[in-house]
Amino acid sequence: MEGVAIWRTGMRRAVATCQHHQQSSAQRCIAQHQRRFFASPTQSHSRPQGQDEIKAAPQIDFQDDRDQFARPRSQILPNSRQSRSRGPNNNANRAPNNTTRAGGRGGRGGRGAAAGGSSPRADTRPNLAHLRIIPASPSYFTATPKYTDDLLLLSALQRRHQLLPVLPPGHAPRVAWKTIDQYKTELAEPVRAKMYGILVQLLKRLNYIHPALMPDEVRRALDSFKREVQPHLNVPKPIQVSEYGVAVAAGRRKSSTATVHLVEGTGQCLINGKSLSEYFGRLHDRESAVWALKATARLDKYNVWATTEGGGTTGQAEAVMLGVGRALLAHEPDLKMAVRRAGAITRNPKRVERKKPGKLKARKMPAWVKR
């Protein structure tokens, strides 16, 4: 009896398992029939019979228009439902169908025809929610957009015209570029010295292009970085000898200035109405005042009258020396090389260094005390 009971229980379990398997397979088939797939048009004709219609996915239209999001959707997607419902051409095409249906559906056809005849006006106002503002400069999001634009412009010009003939080294036109302070004030951007140095290097390379072959765009770019006043173009006026044989020249040194009148004579020298030995007590200052005449062996051929002011004796003596050297070249221009080698026509720009706080002089420190 126990064996029969066990056999019956096993049979029941087997039957129940088979029924459950059949039910699950039937449900799976129903779910597959209800599911819809998207396929390409080439695959839509090869579907098996008995299944639902497989709809092909709409084609994607890629556009290069930047303002596509600012126009209505009906203009962007002409095949969409919105365009079919709002388009005047589609409504006009639907009008005959509605009229044909008027006999079967009564008044609905008339209303449909009237609606098809007067289509609503498409909304052509831009959608501000989809507007995308494009900056005018590609460097807009950098810390220094104007400087970056200038750097890109000069770099592009240098690459574009790098094969043009250039002048020999040292023969480029002398140009005074804008200072970094002027450039920063013009741009209103925090430009560092290293950044501006890169611009100046590019400007110098472009300045070496031969002037006869320099393109207009390069010339305009260089002019935009030049100072308004070019000090290299300021040529000093030549010193002329008057009808009385007097050459007048000016000299400066430190804070001293001197005006020198040089005329052919016997070698007399007056400084502020005094003789050379009376005005300058030091022998070095006396030699410095007439060093241009002494270096060219012209001490006994010219008379010197000078007025000087400001500074000390050393500054006044060297200011007189510079004035005498310039006036001597007005009489004898051939002595320029000799006077230049003597250093009598070169302006000395050195000045006294200022005193610093915490120091006794410009650089002298106070004595260090341990305690």
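Throughout what follows, the structure given in this document is the object of discussion. Sequence positions are assigned chain by chain, starting from 1 and proceeding in written order. Totals for whole chains, interfaces and linings use all residues, but because this is a predicted model, local features are given only for residues with pLDDT of at least 70 and pairs of side-chain atoms are given and counted only at 80 or more. Note that water and hydrogens are dropped before the side-chain values are worked out from all heavy atoms of the structure.

1. A short note on the side chain of arginine 298
Among the structural elements, arginine 298 can be located in the loop between helix 13 (291-295) and strand 7 (302-309). The definition of a polar contact used here is a pair of N or O atoms within 3.5 Å, where within protein one atom must be able to donate a hydrogen and the other to accept one, and adjacent residues in sequence count solely through side-chain atom pairs. Only 3.1 Å separates the side chain of arginine 298 from the side chain of glutamate 332, close enough to count as a polar contact. Should any heavy atoms of two residues lie within 4.5 Å, those residues are considered in contact. Apart from the residues lying within four places of it in its own chain, the contact partners of arginine 298 are Leu293, Glu332 and Leu335. Elements are defined by DSSP. Helices are runs of H or I of four residues or more, strands are runs of E of two residues or more, and each kind is numbered from the N terminus.

2. Digging into the nonpolar core
Each nonpolar core is a collection of buried residues, namely Ala, Val, Leu, Ile, Met, Phe, Trp, Tyr and Cys, held together in the definition by side-chain atoms within 4.5 Å. Relative accessible area decides the class of each residue, using a 1.4 Å probe on protein chains only: under 20% of the type maximum gives buried, over 50% gives exposed, and in between gives partly exposed. One finds Ile271, Leu276, Val304, Val320, Val324, Leu328 and Val339 to be the most contacted residues of the largest nonpolar core, which totals 29 residues. Elements with a contribution of two residues or more to this core: strand 3 (246-253), strand 4 (256-264), strand 5 (269-271), helix 13, strand 7 and helix 14 (313-331). Ranked by the residues each element gives to this core, the list is headed by helix 14, at 9 residues. Excluding its chain neighbours within four sequence positions, the residues that come into contact with valine 304 are Val260, His261, Leu262, Gln268, Cys269, Leu270, Leu293 and Val324. Counting residues in hydrophobic clusters, the runner-up holds 21 residues, among them Tyr147, Leu157, Trp177 and Leu187.

3. Overview of the packing of aromatic side chains
In this analysis, rings of Phe, Tyr and Trp, with Trp reduced to its six-membered ring, are considered paired at centre separations within 6.5 Å, and the interplanar angle assigns stacked below 30 degrees, edge-to-face beyond 60, and tilted for intermediate values. One pass over the structure, following the stated rule, counts 4 aromatic pairs. Taking 6.0 Å as the distance between ring centres and 25 degrees as the angle between the ring planes, the aromatic pair formed by tyrosine 183 and phenylalanine 225 counts as stacked. Note that tyrosine 183 is positioned in helix 8 (residues 180-187) and phenylalanine 225 in the loop between helix 10 (216-224) and strand 3, a separation of 42 residues in sequence. Residue classification places phenylalanine 225 among the buried residues on the basis of a relative accessible area of 6%. Centre to centre, the rings of tyrosine 279 and phenylalanine 280 are 5.0 Å apart; their planes meet at 90 degrees, and the pair counts as edge-to-face. Judged by its relative accessible area of 23%, tyrosine 279 falls in the partly exposed class. The class of phenylalanine 280 is buried, set by a relative accessible area of 0%. Through successive ring pairs, a cluster of aromatic residues spans Tyr183, Tyr196 and Phe225.

4. Quick notes on helix 10
Taken together, the buried positions of helix 10 are occupied by Val218, Ala221 and Leu222. Seen along its axis, helix 10 keeps its buried residues to an arc of 100 degrees; they face one direction. The exposed set on the far side of helix 10, more than 90 degrees from its buried face, consists of Asp216 and Arg220. In this structure, the buried side of helix 10 is in contact with helix 7 (145-160) and helix 9 (193-207). Relevant arc is that of directions from the helix axis to the C-beta atoms, nothing else.

5. As for the pattern of salt bridges
By definition here, a salt bridge exists when the distance from a side-chain nitrogen of Lys or Arg to a carboxyl oxygen of Asp or Glu is within 4 Å. On inspection of all chains with the given rule, the structure shows 9 salt bridges. In this structure, glutamate 186 and lysine 178 form a salt bridge, with 2.6 Å as the shortest nitrogen-oxygen distance. Judged by relative accessible area, lysine 178 falls into the buried class, the value being 15%. The partner of glutamate 287 in a salt bridge is lysine 294, with the nearest N and O atoms 3.7 Å apart. Since its relative accessible area comes to 32%, glutamate 287 is described here as partly exposed.

The analysis is restricted to geometry; functional conclusions fall outside its scope.
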